[in-house]
Amino acid sequence: MRRLRPGAISVVVVASALAGVLAGGCGEAGRGTSPAGGSTSGAGGQAFGRVVTLPSPTTAGGMPLDQAIAERRSQRTFGAGDLPLATIGQLLWAGQGVTAADGKRAAPSAGGLYPLELYVVTATQVMHYLPAGHRVAVRDQAGVGRLLQAAAHGQQVVGDAPDVIVIAAVPGRLRQRYGGQADRFVDLEAGHVAENVLLQATASQLAAVPVGSIDQAGAAAAVGLPAGETVVYLVPVGPRP
Ligand SMILES: Cc1cc2nc3c(=O)[nH]c(=O)nc-3n(C[C@H](O)[C@H](O)[C@H](O)COP(=O)(O)O)c2cc1C
């Protein structure tokens, strides 16, 4: 592992080749649950049949971290147009990307158990992020953004955003080790991930806002999450106006 210049937003670097190495070591669709690989069983299991490898994330040379912190602001209006897949991938990588050969990820996790799952809701698709190999499993489905808006008590920003990153969780992954602290740890981890995503959005010159005021059951139903998986936080994101 090599260090970048201090202050760069991408501090921990694993050469992009790592994604390929890890992808090679993982099953076709990364089925089943593993800390490094995530699970394709979320949001409908077999419905997520199409697995797409995302463009390699940028891990160097971005906006300096101190500048991104200074410039980050909640923004609730968006310009026209969908985000390119590479940009979506960069946001997902900032949240849960694999950044070490042992499977550790961009955001810290209690005991390295990784209870969080990331989804992206676009105008026409729901994508489930598979950290190992930097891939997404894709389900074609329109109208999920408006369902999420309803679950977010009608907040316009959720329905208007070209993309909504859904931070979901499987708290059960933490229960055996952490018992009654599991739910609190999930919330703490979601905060880490959301901030990474928001800083990446700032560094990528995007508009984004964290949305925590949601009906969790309604949001889980909107995305089609399986039992035991819940929605913690949303990050509507898109081009700046
Ligand atoms: C836990 C949490 C929940 C939030 N929920 C919402 C929300 O439901 N809707 C919204 O528009 N903004 C939400 N926000 C964004 C805050 O309104 C925003 O961070 C605050 O006004 C400070 O502005 P700034 O983010 O530009 O610094 C939330 C922020 C946090 C930390």
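Presented here is an overview of the structure given in this document.

The rules behind each value
- Residues numbered from 1 in each chain as written.
- Predicted model: local features only at pLDDT ≥ 70, side-chain atom pairs only at ≥ 80, totals over all residues.
- Helix = DSSP H or I, 4+ residues; strand = E, 2+ residues; numbered from the N terminus.
- Buried ≥ 20, exposed ≤ 12 C-beta atoms within 10 Å, placed from the backbone.
- Contact = placed C-beta atoms within 7 Å.
- Pairing = 2+ DSSP bridges.
- Axes fitted to C-alpha atoms, helices over the stretch in contact; angles between N-to-C directions.
- Left-handed = near helix turned anticlockwise from the far one by under 90°.
- Nonpolar A, V, L, I, M, F, W, Y, C, P; charged D, E, K, R; others polar.
- Parallel < 35°, antiparallel > 145°, perpendicular 65-115°, else oblique.

To continue, consider the overall build of the protein chain. On a plain count of helices and strands, the protein chain comes out with eight helices and nine strands. Expressed as a percentage of the 241 residues in the protein chain, the buried residues total 48%. Residue pairs at least 24 apart in sequence account for 75% of intrachain contacts in the protein chain once pairs closer than 6 positions are excluded.

As summarised here, the arrangement of the seven strands in space is β3-β6-β5-β4-β7-β9-β8, forming an open sheet in which the pairing is antiparallel. In this open sheet, the two edge strands, each paired with only one partner strand, are β3 (50-53) and β8 (206-208). For this sheet, the mean angle separating the axes of adjacent strands, direction not counted, is 30 degrees. Two elements, strand β7 (residues 163-169) and strand β9 (residues 230-239), share seven bridges in a ladder whose sense is antiparallel. In the strand pairing of β9, A169 is matched with T230. Along the sheet face, helix α8 (residues 216-223) touches β4 (116-121), β5 (125-130), β7 and β9 and points at about 65 degrees away from the line of β9.

Between helix α3 (residues 85-96) and helix α7 (residues 182-203), the least distance of the axes is 7 Å, while the angle of their chain directions is 145 degrees. The two elements α3 and α7 cross, and the hand of that crossing is right-handed. On α7, the residues that touch Q90, L91, A94, G95 and Q96 of α3 are V193, N196, V197, Q200 and A201. For the contact of α3 with α7, the class distribution of residues is five nonpolar, five polar and no charged.

Interaxial distance between helix α4 (residues 144-151) and α8 falls to 8 Å at its minimum, and their mutual angle equals 175 degrees. With respect to their mutual orientation, α4 and α8 come out roughly antiparallel. Together, V144, L147, L148, A150 and A151 of α4 and G218, A219, A222 and V223 of α8 make up the contact between the two elements.

Here we come to the pairing of β4. Across the six residues that make up β4, a large majority, six, are buried. Across the two faces of β4 the burial is the same, with L116, L118 and V120 and E117, Y119 and V121 all buried. In terms of strand pairing, β4 meets β7 through six bridges, oriented antiparallel. The residue of β7 that forms the bridge with V120 is I165. As judged from the three bridges shared by β4 and β5, these two strands associate in the antiparallel manner.

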